Each structure stands twice: as C-alpha cells, then as structure tokens.
Amino acid sequence: MSAHASTVDPKKAELWDTHHHSHDVISTRTLGYFLYLLSDGMLFATLFAAYGVLSYQHSYFGGPTPAEFVKPWYTFAQTIALFLSVLAYGFGMNALKHKNKSGLINGMLAAFVLGVVFLVLDIHDMSHLYSMGITIASSGGMSAFMVLTQVHATHIFFGLIWILVMIAQVMTKGFTEETVGRLLTLRMFWHLQAVIWVFVYIFVYLWGYIS
C-alpha cells in the first residue's frame, strides 16, 4: 500500500448514503410487481403438485376421469384465444412506445374481447361437466382438476376487469407515470396467465386425455 494513501477516521466516515436520489418510479413498481408474480407462481406450483398427486386412476374412485370428458380441440380453441389476446395486448404496448393512444386502446380492446372468448369457453366447459353430474365433490382427482383450472380462470376474470380499468384510465388521464406503470404490470400479469395456461393445457388437459 502506498505511504501517501489517505486514511479515513472511522468515527467520521459516512457509512450510509442518506441523501435522496432520483430514481425510476416505473422500474421500481415493476420490480415490486414481479416479486408478487413469483408468489403467484408458487401458488400455481402448489396446485400443479396437488394435481400431480391426485391425477392417478385410484384418485377418481371409479368415477369419470379427464380421458372421458376432455376434448383437446376445445381446449386448443381456448389456447388460441388466450394467445391471440396476449398478442393483441403486445401490439397495444408497441403503440404505447410510439405514444399512439388509439392504437393502445384498440389493442387492449382486442385483448379484452379475446380474453372474454377464453372465459366463455371455460364457463361453457364447466357447465357441461355439471350437466353430466361431474362436480368438485365427485372425487379427489376431480377436485384437483377443477380447482387448478378455475383458479386460472379466476385470474383471467380479474385480468379482464383490470384491462377495462386501464382503458378508462388511458382515455381520461393519458400517458402519465402511474398509467404507464400499471400498463406494464398488467402486461406482466397477462403474459403470466398465458405461460400458466401452457402448463395447464399440456399437463392437465392433454395428459389427462391420453392417460
């Protein structure tokens, strides 16, 4: 070490920077919401684990199994609707980058309509099961099946409400810091629902159908 190196008095050293520095509010909120989404992912991981344990033949107690009522083409239509909804929202966010309010609103409206299509197909599917006498109380396997799929559908429902709220805010407030931050967190939420649905479609519907 150089003999000319300056020494620091520990009693006078500033160990913590207490001054306020400007920061990106949107990035901070987005990070916070990302951490929330991790906990949401843990919720779905738990539901998938429960379904994996209860998806074997003995868990249905001689009752109906997914192989008897799952229609792959039907759930594939749901998949297309949800993926197109995410794509439409992505186009809306691209319009946001160019400060195109009408393009953003049109993209969000398209995402909303396609999300409604997905939800209507899900409600129709559940209604069909109930008409066949298949309920959440039919067996442990059916309980795991319905809870997992309907928790995801509930997320879609609240996501649709969120889209409507954001359309109203964009129309009334424009591109404010709060509005843009909420649009970004909504994008993260909506993309996560599509990712979760991929696992639901493959490991719940397709796996249940072929097993």
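Whatever comes next refers back to the structure up there.
No experiment lies behind these values; they were computed from the predicted model shown.

K.L.:
Just to check I follow, could you spell out the overall build of the chain for this structure?
P.N.:
Per the secondary structure count, the chain includes six helices and zero strands. For the chain, the succession of helices and strands along the chain, N to C, is α-α-α-α-α-α. Split into buried and exposed, the 211 residues of the chain put 40% on the buried side. Expressed as a percentage of contacts within the chain between residues at least 6 apart in sequence, the contacts between residues at least 24 apart total 79%. When the accessible area of the chain is evaluated, it comes to approximately 12,200 Å², of which 69% is carbon and sulfur surface.

K.L.:
Before we go on, may I ask you to explain the side chain of Asp125 in this structure?
P.N.:
As for its position among the elements, Asp125 is in helix α4 (residues 101-131). One buried charge, Asp125, has no salt-bridge partner; the nearest side chain with opposite charge is Lys71, at 5.9 Å.

K.L.:
What should I look at first to understand the packing of aromatic side chains in this one?
P.N.:
If you walk through the whole model with that rule in mind, you get eleven aromatic pairs. Between Tyr33 and Trp162, the ring centres sit 5.7 Å apart and the planes meet at 70 degrees, which makes this aromatic pair edge-to-face. Linking Tyr33 in helix α1 (residues 25-54) with Trp162 in helix α5 (residues 140-173), this pair joins segments that are 129 residues apart in sequence. Judged by centre distance (5.7 Å) and plane angle (50 degrees), the rings of Trp197 and Tyr205 are tilted. Both residues of the pair, Trp197 and Tyr205, count as buried. Of the aromatic side chains, those joined through ring pairs into one cluster are Phe69, Phe118, Phe145, Trp197 and Tyr205.

K.L.:
I'm lost on the packing of α4 against helix α6 (residues 177-210) in this one. Help?
P.N.:
When two helices pack together, their arrangement is given by the angle between their axes and by how far apart the axes lie. Look at α4 against α6: their axes get within 14 Å of each other, and the N-to-C directions meet at 30 degrees. The orientation of α4 with respect to α6, classified from their angle, is roughly parallel. Here α4 and α6 pass one another in a crossing that is left-handed. In contact with Leu104, Met108, Ala111, Gly115, Phe118 and Asp125 of α4, α6 contributes Leu183, Leu186, Trp190, Trp197 and Tyr205.

K.L.:
In this structure, what is going on with α4? I would like to understand it.
P.N.:
Quick reminder: α-helices carry 3.6 residues per turn. Residues three or four places apart thus point the same way. With 31 residues, α4 should cover 45 Å at 1.5 Å per step; its first-to-last C-alpha distance of 45 Å lies within 8% of that length. Looking one or two residues past α4, Gly133 carries a phi angle of roughly 85 degrees, positive in sign.

K.L.:
Explain the nonpolar core here, please?
P.N.:
Ranked by size, the top nonpolar core spans 53 residues in total, and within it Tyr89, Met108, Phe145, Ile163, Leu183, Trp190 and Tyr205 carry the most contacts. Elements with a contribution of two residues or more to this core: α1, α3 (72-97), α4, α5 and α6. With 15 residues, α6 is the largest single contributor of residues to this core. If we skip the residues at most four places from it in the chain, Ile163 touches Met108, Ala111, Phe112, Leu186 and Trp190.

K.L.:
So what exactly am I meant to see when it comes to α5 here?
P.N.:
Given a rise of 1.5 Å per residue, 34 residues ought to cover 50 Å, and the 49 Å separating the end C-alpha atoms of α5 matches this to within 8%. Trailing α5 by a residue or two, Gly174 shows a phi angle of about 80 degrees, which is positive.

K.L.:
Help me understand a nonpolar patch on the surface in this model?
P.N.:
On the surface, Phe83, Val195, Val198, Phe199, Ile202, Phe203, Trp207, Tyr209 and Ile210 cluster together into a nonpolar patch covering about 830 Å² of accessible area. If you tally residues by element for the nonpolar patch, the top one is α6, at eight residues. Examined against the element boundaries, Phe83 turns out to sit in helix α3. On the basis of relative accessible area, Phe83 is assigned to the partly exposed category, the value being 38%.

K.L.:
For this particular structure, what's the right way to read the environment of Ile163?
P.N.:
Checked against the element boundaries, Ile163 lands in helix α5. For Ile163, a relative accessible area of 0% translates into the label buried. Distance from Ile163 to Ala111, taken between C-alpha atoms, is 8.3 Å for residues 52 residues apart in sequence.

Conventions we followed
- Residues numbered from 1 in each chain as written.
- Predicted model: local features only at pLDDT ≥ 70, side-chain atom pairs only at ≥ 80, totals over all residues.
- Heavy atoms only, no water.
- Helix = DSSP H or I, 4+ residues; strand = E, 2+ residues; numbered from the N terminus.
- Buried < 20%, exposed > 50% of the residue type's maximum accessible area, 1.4 Å probe, protein only.
- Contact = heavy atoms within 4.5 Å.
- Areas by Shrake-Rupley, 256 points an atom, 1.4 Å probe, with all protein chains shown as cover.
- Lys, Arg positive; Asp, Glu negative; His and termini not counted.
- Salt bridge = Lys/Arg side-chain N within 4 Å of Asp/Glu carboxyl O.
- Phe/Tyr/Trp six-rings, centres within 6.5 Å; stacked < 30°, edge-to-face > 60°.
- Axes fitted to C-alpha atoms, helices over the stretch in contact; angles between N-to-C directions.
- Parallel < 35°, antiparallel > 145°, perpendicular 65-115°, else oblique.
- Left-handed = near helix turned anticlockwise from the far one by under 90°.
- Expected span 1.5 Å × (residues − 1).
- Core = buried A, V, L, I, M, F, W, Y, C linked by side-chain atoms within 4.5 Å.
- Patch = residues over 30% accessible without salt bridge, like charges linked within 9 Å, V, L, I, M, F, W, Y side chains within 5 Å.

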